[in-house]
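Observations on the model geometry
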Amino acid sequence: MKTKTILISAMALLLAAASIAPASAQRRQMQMTDEQKYLDAMHRNITSDKLFGYVEQLSDSTLEGRLAGSPGMAKAVNIVENYFKEWGLKPAGDNGSYIQEFPHPCVEVFPGSTMEILFPVYGQKRKDTVWISKSYPWADGWFAGGMTGNGDITAEIVYAGFGVTAPELGYDDYAGIDVRGKIVLVEGETPNTSRNDDTLRMWYDHTLHQTKLNNAVAHGAVGLLYLWVPGPNAPYNEGFVYAHVTDTVVNDIFRGTGRTYAETVKKIYETKKPQSFHTGKKAHIRMNATYNPDATGKNIVGIVEGSDPVLKNEYVIISAHLDHLGMIPYHIAGANDNNASSAALLGAAEALAKSQVKPKRTVVFLSLDGEEAGLTGSTYYTTHPLFPKEKVKAVINLEQVGAGEMLSASYPYNFPDLPKYTEQANDRYIHRILFQRESRYVTRPRTDGVVFMKAGYPVLDIRAAGGGYYHHPKDNPSSINPEILQSATEWLYWTAIMIADE
Ligand SMILES: [Zn+2]
């Protein structure tokens, strides 16, 4: 009986203490200025440790490199969606869900895909020629093509420069060569070296991977070696196989031809004349791939509603792509590209969702799909907007914010006031070296931010600078600098608040 009384009074004391603590915390909160409340939410929720945890979670190999439309990407979507749910963000996708879904065919590439070069060793007679095969290490020599067809081919390699056929510009890499049944070796971009806006526009279509691959197919080639970083940003052509190669492989292909690769490209740039030729080497490309025409892409959309009854109908959108390259045919984590940015988006989302004070305007968290597959998620959003475009005060898009030690932002030339927010946020709270530049976005778009710029949105396309790897297995969590990731997240957080509260 006595023991019970003591227990009860001890519990009463505990309860009393418990009810005092939140009251004093609440009082402290009430005495805080709005700025202090934002700072409080930032320090509680945006820590380098937590952000790095998101990067690791999204970089896990069970997510299979997060290819748009693939089962691995579905797992990544689930992770982000669950965080939005847990923190109480309001869903703003299709039919009251967090998801904006759209058609997104994809190719899954599997191990068993290989690429090797065959070199001739000539005998006395032509029929005595023996072909020696050389294989190269994955990543440092080759990657599977992201949208390759399934197949196994061995054919002669024809060097076709930039793979461009541009009669309107008087330039054709395929003139005078026959590539029917052959494998072409081409590289990215075009022979144009001018940075003049009008000239860039004239060559624009020929810079696209889509144009190059379709051009090779149109000329009857059966396969392609592409000197360019890997990615699924390409058209699917049934049975047409291709692989990305590095300059190690290209230099080998040029061996014994009396030319070098470096001199040949230089000659094209200087003369604006193609230098295509039959290399006398063969390639054996085997791609173990399946095409899924019915796959779908998924943008994830959650909001923190504005606190002002009128201004809450205006928006600041924070976007970052969640997808990456998939298995080509092995895993690339894409820790910096773009899990660091997804982590920053999540960090800012949690802090704002839990902050005691909310910005006047609504902040939209938009996790995009399909950037690597040709900016498909941002393109779908801009053509199927979920918020009225004229009510969007800014889109802050994040790319690769997890490596290096500096910050950078680009903004459209027709919105010259935008960089003042990023500058103020950095000057006041972050203190990193910051580069800002105006963009006229006339070259091939490399970020979702540029897609929004082209659609007429006021965009801050932000990234970290000074380190990191790109589309390579070394872009894994060990290359992430958690300090710059935290800085970039805090910078994003304050930039968004400044615009949303003004
Ligand atoms: Zn990216």
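Keep in mind it's a predicted model, so treat the numbers as computed, not measured.

Thresholds, definitions, all that
- Residues numbered from 1 in each chain as written.
- Predicted model: local features only at pLDDT ≥ 70, side-chain atom pairs only at ≥ 80, totals over all residues.
- Heavy atoms only, no water.
- Buried < 20%, exposed > 50% of the residue type's maximum accessible area, 1.4 Å probe, protein only.
- Helix = DSSP H or I, 4+ residues; strand = E, 2+ residues; numbered from the N terminus.
- Pairing = 2+ DSSP bridges.
- Domains from an automatic or database assignment.
- Contact = heavy atoms within 4.5 Å.
- Buried area = accessible area lost by both parts, 1.4 Å probe.
- Salt bridge = Lys/Arg side-chain N within 4 Å of Asp/Glu carboxyl O.
- Polar contact = N/O pair within 3.5 Å; in protein donor to acceptor, adjacent residues only side chain to side chain.

This part takes up the pairing of strand β15 (residues 296-304). Counting buried positions over the 9 residues of β15 gives 7, a clear majority of the element. Relative to β15, strand β1 (residues 90-91) runs antiparallel, the two sharing 2 bridges. In the strand pairing of β15, lysine 90 is matched with isoleucine 303. Inspection of the sheet shows strand β2 (residues 99-103) paired to β15 by 5 bridges, in the antiparallel sense. The residue of β15 that forms the bridge with phenylalanine 102 is glycine 297.

Below, the discussion takes up the domain arrangement of the protein chain. The domains assigned to the protein chain are domain 1 (34-104 + 295-501) and domain 2 (109-291). Taking only C-alpha atoms into account, the centre of domain 1 sits 35 Å from that of domain 2. Across the contact, 23 residues belong to domain 1 and 26 residues belong to domain 2. Both faces combined, the contact of domain 1 with domain 2 buries some 1900 Å², and carbon together with sulfur accounts for 64% of it. Sorting the residues of domain 1 by area buried against domain 2 places Ile328, Val442 and Arg444 first, and these three jointly supply 34% of that buried surface. The interface formed by domain 1 and domain 2 contains 2 salt bridges. One can count 8 residue pairs in polar contact (both at pLDDT 80 or more) joining domain 1 with domain 2.

Our focus in this paragraph is the pattern of salt bridges. All told, the structure shown has 15 salt bridges when counted by the stated rule. One salt bridge in this structure joins aspartate 128 and lysine 127, with 3.7 Å as the shortest N-O distance. Aspartate 128 sits in the partly exposed class, given a relative accessible area of 31%. In this structure, the salt-bridge partner of arginine 201 is aspartate 198, at a minimum N-O distance of 3.3 Å. Of this pair, arginine 201 and aspartate 198 are both found in helix α5 (residues 197-207), 3 residues apart, which corresponds to roughly one turn of the helix. When salt bridges with common partners are traced through the structure, they connect Lys50, Glu350 and Lys354 into a single cluster.

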